[in-house]
Amino acid sequence: MKTIVTVVGARPQFIKAATVSRALLEAGISESIIHTGQHSDANMSDVFFSELEIPKPKHFLGISGLTHGAMTGEMLRRIEEILLQEKPDALLVFGDTNSTLAGALAAAKLHIPVAHVEAGLRSFNMKMPEEINRTLTDRVSRWLFCPTASAVKNLKIEGYSTPTFQIENVGDVMFDATLYYKKNARWPSELPESLRKKPFVLCTLHRQESVDDTKVFTELLSALSKIAQESPVIWPVHPRSRKKMESLGITPSGVHLIAPVGYLEMLALLEACTVVLTDSGGLQKEAYFFGKPCLTLREETEWTELVELGVNVLCGLKSSAIEAAFYRNLSSPPDFREAQPYGNGLAANAVARCLKDSI
Ligand code: UDP
């Protein structure tokens, strides 16, 4: 039987792994999961494993809360030890976190071929830790599983070609996840049912560039307070943002601040909201899957097709621009034209099939 070691560590990777692990099992590939511990709180990790029925990690490394270099280095060392014991036929990583890069690098140095799901995405902003992680991971991967045509194009422009690299546009595994779990969506128990029936804005905010700089973060909080005067805002707060608010001693007024929610609760929030305000990569797409306009609190995005379709607006990080985009959206919400930029909901099966045929 073919064997794969999968490395996960952060919230979005658990959701992606949920779909791919199921497909690997169906394809008859044996998978062991390494959880680096990058996210390990119950509401950032355990809830996903239990609710989404992800196989229990065989190895839990408990590495978190370090600087980027220390975290990536420690992960690299520990993953290498495991790979030397397990000797898998391939290693699988998702997305763009430190866990992604550490896993890919550890395997590549041992000549274990690497499969990267979400390959080819680019923000072209090398200040983002995610951009560094994803470009380097692509470079040492054998299979580049792209979610979109534009991701394939990015790789081609950078000179990626066969036979060194196998580039496949499989579609987006997060679209698979939304389609599969939507029927189990559950309204968060922390929130009153009455909110569900009113128009509300769903917000998430967690990126280093949005949160760590006090000036930028307070500007974003000010935008949220102003928007909350017009419409209820629900914000499941990421630990990084919670910590920053605590250190500054401020919270945006009138905003429903709740703990991070599980994926099934997030799906219920997406279903019921009127607009999404976020700096998250995953949420930008999920807003689209649910036909909700998205105001992205960033200067650039990897999901450019949504901007081209007119359903995602890049607002930047200034309060005045965010408010202006919010009111523009209220007065003229975008049309959701028929388009399928993220595949047919069977991306995970395509990944598993390809690996089965080629490892
Ligand atoms: N998510 C969640 N609960 C939350 C916030 C986000 O389940 O409280 C999900 C969200 O629906 C998406 C994923 O986590 O599927 C996105 O993760 P995140 O925003 O942390 O990372 P990014 O997508 O920016 O890499």
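Residues numbered from 1 in each chain as written. Predicted model: local features only at pLDDT ≥ 70, side-chain atom pairs only at ≥ 80, totals over all residues. Heavy atoms only, no water.

Novice: If you had to explain the nonpolar core to someone new, which residues and values would you point to?
Specialist: In this structure, L52, F145, W187, L202, L269 and L355 are the most contacted members of the largest nonpolar core, which totals 76 residues. The dominant element in this core, judged by the number of residues it contributes, is helix α12 (residues 263-272), at eight residues. Contact partners of L269, with chain neighbours within four places excluded, come to W187, P188, L191, F200, L202, I234, P236 and V261. With 26 residues, the next largest nonpolar core counts V216, L221, V275 and L295 among its residues. (Core = buried A, V, L, I, M, F, W, Y, C linked by side-chain atoms within 4.5 Å. Buried < 20%, exposed > 50% of the residue type's maximum accessible area, 1.4 Å probe, protein only. Helix = DSSP H or I, 4+ residues; strand = E, 2+ residues; numbered from the N terminus. Contact = heavy atoms within 4.5 Å.)

Novice: Could you give me a rundown of the pairing of strand β6 (residues 143-146), with the residues and numbers involved?
Specialist: Judged by which residues are buried, β6 turns out to be covered on both faces: W143 and F145 on one side and L144 and C146 on the other are all buried. Looking at chain direction, strand β5 (residues 114-117) and β6 are connected through three bridges and run parallel. Of the residues in β6, the one forming a bridge with H116 is L144. This β-α-β element, β5 to helix α5 (residues 129-139) to β6, shows right-handed connectivity. Once the chain exits β6 it traverses helix α6 (residues 149-157) before rejoining the sheet at strand β7 (residues 166-169), and the crossover so formed is right-handed. (Pairing = 2+ DSSP bridges. Right-handed = clockwise from strand over helix to strand, strands pointing away.)

Novice: Quick one: what's the story with helix α3 (residues 68-86), residue by residue and with numbers?
Specialist: Taking 1.5 Å of rise per residue, 19 residues should cover 27 Å, and α3 covers 26 Å from first to last C-alpha, within 8% of that figure. Listing the buried residues of α3 in full gives M71, T72, M75, I79, I82, L83 and E86. When α3 is viewed along its axis, its buried side chains cluster within an angular range of 100 degrees and face the same direction. Exposed side of α3, more than 90 degrees from the buried face: G69 and Q85 are the residues found there. (Expected span 1.5 Å × (residues − 1). Arc of directions from axis to C-beta.)

Novice: Give me the site of the ligand: which residues, what numbers.
Specialist: Taken together, 18 residues sit near the ligand, with V261, S280, G281, G282 and E286 positioned nearest. A distance of 2.7 Å is found between a nitrogen atom of the ligand and a backbone nitrogen or oxygen belonging to V261. Within the contact set of the ligand, an oxygen atom lies 2.6 Å away from a side-chain nitrogen or oxygen of E286. In isolation the ligand offers 530 Å² of accessible surface; the protein chains occlude 95% of this area. For the shell around the ligand, the element with the highest residue contribution is helix α13 (residues 281-289), accounting for four residues. (Near = heavy atom within 4 Å. Polar contact = N/O pair within 3.5 Å; in protein donor to acceptor, adjacent residues only side chain to side chain. Areas by Shrake-Rupley, 256 points an atom, 1.4 Å probe, with all protein chains shown as cover.)

Novice: Residue-level account of the sheet that holds strand β2 (residues 30-35), with values.
Specialist: Within a beta sheet, neighbouring strands are joined by backbone hydrogen bonds and run either parallel or antiparallel to one another. Taking strand neighbours across the sheet as the criterion, the seven strands line up as β3-β2-β1-β4-β5-β6-β7 in an open arrangement whose pairing is parallel. Of all strands in the sheet, those with a lone pairing partner are β3 (59-60) and β7, marking the two edges. Of the strands in this sheet, β1 (3-8), β4 (90-94) and β5 are in contact with helix α4 (residues 98-109), which crosses β4 at around 165 degrees. (Axes fitted to C-alpha atoms, helices over the stretch in contact; angles between N-to-C directions.)

Novice: Describe the environment of V201, with residues and values.
Specialist: With respect to the helices, strands and loops of the structure, V201 is situated in strand β8 (residues 201-204). Classification of V201 by relative accessible area gives buried; the value is 1%. Taking the C-alpha atoms as reference points, V201 and M75, 126 residues apart in sequence, are found 37 Å from one another. Other than its neighbours up to four places away in sequence, V201 contacts I227, S231, P232, V233, I234, T274, V275, L277 and F326.

Novice: Would you mind going over the side chain of E86 in detail, with residue names and values included?
Specialist: Within the secondary structure layout, E86 lies in helix α3. Among the polar contacts listed, one links the side chain of E86 to the side chain of S32, at a separation of 2.9 Å. Those residues within four positions of E86 in sequence are excluded, and the remaining contacts are V5, S32, K58 and H59.

Novice: Describe the sheet that holds strand β10 (residues 255-258), with residues and values.
Specialist: Ordered by their spatial adjacency, six strands build an open sheet running β10-β9-β8-β11-β12-β13, and the pairing between neighbours is parallel. Where the open sheet ends on each side, the last strands, each with one partner, are β10 and β13 (312-314). The average angle at which neighbouring strand axes cross in this sheet is 20 degrees, direction not considered. Two strands pair when backbone bridges link them, and strand β11 (residues 275-278) and strand β12 (residues 294-296) are joined in this way by three bridges, in the parallel orientation. The residue of β12 that forms the bridge with T278 is T296. This element, helix α10 (residues 214-228), spans β8, β9 (233-236), β10 and β11 of the sheet and lies at about 140 degrees to β9.

Novice: Lay out the packing of α4 against α5 with the relevant residues and their values.
Specialist: One can describe the packing of α4 onto α5 by two numbers: an axis separation of 9 Å at closest approach and a directional angle of 25 degrees. Of the possible angle classes, the one that applies to α4 and α5 is roughly parallel. Judged by the sense of rotation from one axis to the other, the crossing of α4 with α5 is left-handed. Counted together, N98, T100, L101 and A104 of α4 and N133, L136 and T137 of α5 form the full contact between these two elements. For the contact of α4 with α5, the per-class residue count stands at three nonpolar, four polar and no charged. (Parallel < 35°, antiparallel > 145°, perpendicular 65-115°, else oblique. Left-handed = near helix turned anticlockwise from the far one by under 90°. Nonpolar A, V, L, I, M, F, W, Y, C, P; charged D, E, K, R; others polar.)

Novice: Any details on the packing of aromatic side chains? Residues and values, ideally.
Specialist: Tallied over the entire structure, the rule returns 13 aromatic pairs. Ring centres of W187 and F200 lie 5.9 Å apart, and the angle between their planes is 70 degrees; on these two criteria the pair is classed as edge-to-face. Taken together, the residues span a long stretch of sequence, with W187 in the loop between α7 (173-181) and α8 (193-196) and F200 in the loop between α8 and β8 at a distance of 13 residues. Side by side, W187 and F200 carry an identical accessibility label, which is buried. On the basis of an interplanar angle of 70 degrees and a centroid distance of 6.0 Å, the ring pair of Y288 and Y342 is categorised as edge-to-face. Taken as a pair, Y288 in helix α13 and Y342 in the loop between α15 (319-331) and α16 (347-358) lie far apart in primary sequence, 54 residues in all. The pair formed by Y288 and Y342 is uniform in burial state, with each residue classed as buried. An aromatic cluster is present here, built from F175, Y288, F289, W303, F336 and Y342 joined pairwise through their rings. (Phe/Tyr/Trp six-rings, centres within 6.5 Å; stacked < 30°, edge-to-face > 60°.)

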